[in-house]
Amino acid sequence: MTYTYSQIPWLLCLILIALVFYLYLRLSQNTPVIKTNKLRKNMSAQEALDMLLQGNNEYIQSGTSEFDRKSVAHSQHPCAIILSCSDSRVSPELIFNQLHVGNLFIVRNAGNILDEMVLGSIEYGVKHLASPLIIVLGHDRCEAIKATVESVLENQIECSSHIKHIINIMKPTAQDIIDDMKIGTEISVETKNEIIKKTAFANIHRVMSKISQNSVIISQALQENKIKLVGAYYDLDHGNLRFID
Ligand SMILES: [Zn+2]
């Protein structure tokens, strides 16, 4: 098949359009869906679900994830057990840059608090998965701790019995901090923020103590130096961690 000189520009145009269309398809398939905080605020449930399903498709198509999945499909040996807050800004996989399945055994709840269920999960990680490290991960500007401090300072009553359960667990810690600071009746925003920060640190310490005191499995493993228990405080602005022994 031969083309005349007058047909060549049209042919080049068609090739160019086809190339642009092909690149558009490839990019739209491979570009991760990233929504800004502002866009997420106005997202419908269906939009959120669609975004997550697209994310799952991208995950499945990724060559690395297939290798990861196969390597841990029938057994797991996570290098650390992490008790962290449910806060969407405090994802252990991202903070510790451990983006492979099987690396971390994570227990999350609002305020990184400890109850029987949480302790049982941590014990499982130590006893059955042989994880050598437990990290209790708290963070600044924690909403759960803020709610607890406000319930002590301002006597705010939480209507939900389930949220009240979380607050009641942390209340003695917040009360101790407030008593130690000997504050007056007028509390500035700065003082309140200081109370929240100190309560977050004290909460990490208290949870660490309870883990070792309330679990025979964990206290024995600690005594035998089979595991290590540390606390960490995460800075939302800078992304760095302050470790607490
Ligand atoms: Zn939090």
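Residues numbered from 1 in each chain as written. Predicted model: local features only at pLDDT ≥ 70, side-chain atom pairs only at ≥ 80, totals over all residues.

Named according to an unreviewed UniProt entry, the chain is carbonic anhydrase originating from Candidatus Chromulinivorax destructor. Quoted verbatim from the Catalytic activity (unreviewed entry) heading of the UniProt record, the comment on the chain is "hydrogencarbonate + H(+) = CO2 + H2O". You can read under Sequence similarities (unreviewed entry) in the UniProt record for the chain the words "Belongs to the beta-class carbonic anhydrase family." (UniProt positions renumbered as here; feature names shortened; annotations may be inferred.)

This brings us to the overall build of the chain. A count of helical and extended segments in the chain gives 10 helices and 5 strands. Its C-alpha radius of gyration of 25 Å places the chain more than 25% over the 18 Å reference for a compact globule of 245 residues. Counting only C-alpha atoms, the chain reaches 90 × 50 × 30 Å along its principal axes. The buried share of the chain, taken over its 245 residues, is 23%. Put simply, 70% of the contacts in the chain that link residues at least 6 apart link residues at least 24 apart. (Helix = DSSP H or I, 4+ residues; strand = E, 2+ residues; numbered from the N terminus. Rg over C-alpha atoms; globule rule 2.2 N^0.38 Å. Buried ≥ 20, exposed ≤ 12 C-beta atoms within 10 Å, placed from the backbone. Contact = placed C-beta atoms within 7 Å.)

Our focus in this paragraph is the packing of helix α7 (residues 143–153) against helix α9 (residues 189–214). At a minimum axis separation of 9 Å, α7 and α9 run at an interaxial angle of 115°. Viewed along their axes, α7 and α9 form a crossing whose handedness is right-handed. Contact residues: α7 offers Ile145, Lys146, Thr148 and Val149, while α9 offers Lys192, Ile195, Ile196, Thr199, Ala200 and Asn203. Tallied by class, residues from the contact of α7 with α9 come to 5 nonpolar, 3 polar and 2 charged. (Axes fitted to C-alpha atoms, helices over the stretch in contact; angles between N-to-C directions. Left-handed = near helix turned anticlockwise from the far one by under 90°. Nonpolar A, V, L, I, M, F, W, Y, C, P; charged D, E, K, R; others polar.)

Right, let's get into the sheet that holds strand β4 (residues 228–234). Taken in spatial order, the 5 strands of this open sheet run β2-β1-β3-β4-β5, and their pairing is mixed. The open sheet has two free edges, formed respectively by β2 (104–109) and β5 (241–244), since each of these has just one partner strand. The mean inter-strand angle of the sheet, taken between neighbouring strand axes irrespective of direction, is 25°. For strand β3 (residues 133–139) and β4, the ladder comprises 7 bridges, and the chain directions are parallel. (Pairing = 2+ DSSP bridges.)

Here we take up unusual backbone geometry. Among all residues except glycine, the phi angle is most often negative; among peptide bonds, the trans geometry is most common. With a phi close to 50°, Asn97 is a non-glycine residue in the positive phi region. Judged by local crowding, Asn97 falls into the exposed class, with 8 C-beta atoms found within 10 Å. The backbone of Asn225 sits at a positive phi, close to 55°, despite the residue not being glycine. Inspection of the secondary structure assignment puts Asn225 in the loop between α10 (216–223) and β4. Classification of Asn225 as exposed rests on a count of 8 C-beta atoms within 10 Å.

A separate point is the UniProt feature "binding site: Zn(2+)" (unreviewed entry) in the chain. Sites flagged by UniProt as "binding site: Zn(2+)" (unreviewed entry) map to Cys85, Asp87, His139 and Cys142. The annotated residues occupy 58 residues of the chain but converge on a single region, no pair of C-alpha atoms lying more than 9.0 Å apart. With respect to the helices and strands, the residue Cys85 is situated in strand β1 (residues 80–85). Apart from the residues within four sequence positions on either side, Cys85 is in contact with Val90, Arg108, Ala110, Gly111, Asn112, Gly138, His139, Cys142 and Ala144. Residue placement: Cys142 occurs in the loop between β3 and α7.

Counting residues in hydrophobic clusters, the biggest one holds 41 residues, and the most contacted among them are Ile122, Val207 and Ile211. The dominant element in this core, judged by the number of residues it contributes, is α9, at 7 residues. Setting aside its immediate chain neighbours within four residues, Ile211 contacts Leu114, Leu119, Ile122, Ile134, Ile218 and Leu229. (Core = buried A, V, L, I, M, F, W, Y, C linked by C-beta atoms within 7 Å.)

Moving on, we get to the packing of α7 against helix α8 (residues 161–181). Packed helix pairs are characterised by how far apart their axes lie and by the angle those axes make with each other. Put simply, α7 and α8 touch, their axes get as near as 8 Å, and they point 65° apart. Of the possible angle classes, the one that applies to α7 and α8 is roughly perpendicular. Note that α7 runs across α8; the crossing there is right-handed. The residues of α8 that touch α7, namely those facing Ala144, Ile145, Ala147, Thr148, Val149, Ser151, Val152 and Leu153, are Ile166, Ile167, Met170, Lys171, Ala174, Gln175 and Ile178. Broken down by class, the residue content of the contact of α7 with α8 amounts to 11 nonpolar, 3 polar and 1 charged. (Parallel < 35°, antiparallel > 145°, perpendicular 65-115°, else oblique.)

On to the environment of Leu94, then. Its location among the elements puts Leu94 in helix α5 (residues 92–95). Each C-alpha atom, one on Leu94 and one on Gly239, is 10.0 Å from the other, the two residues being 145 residues apart in sequence.

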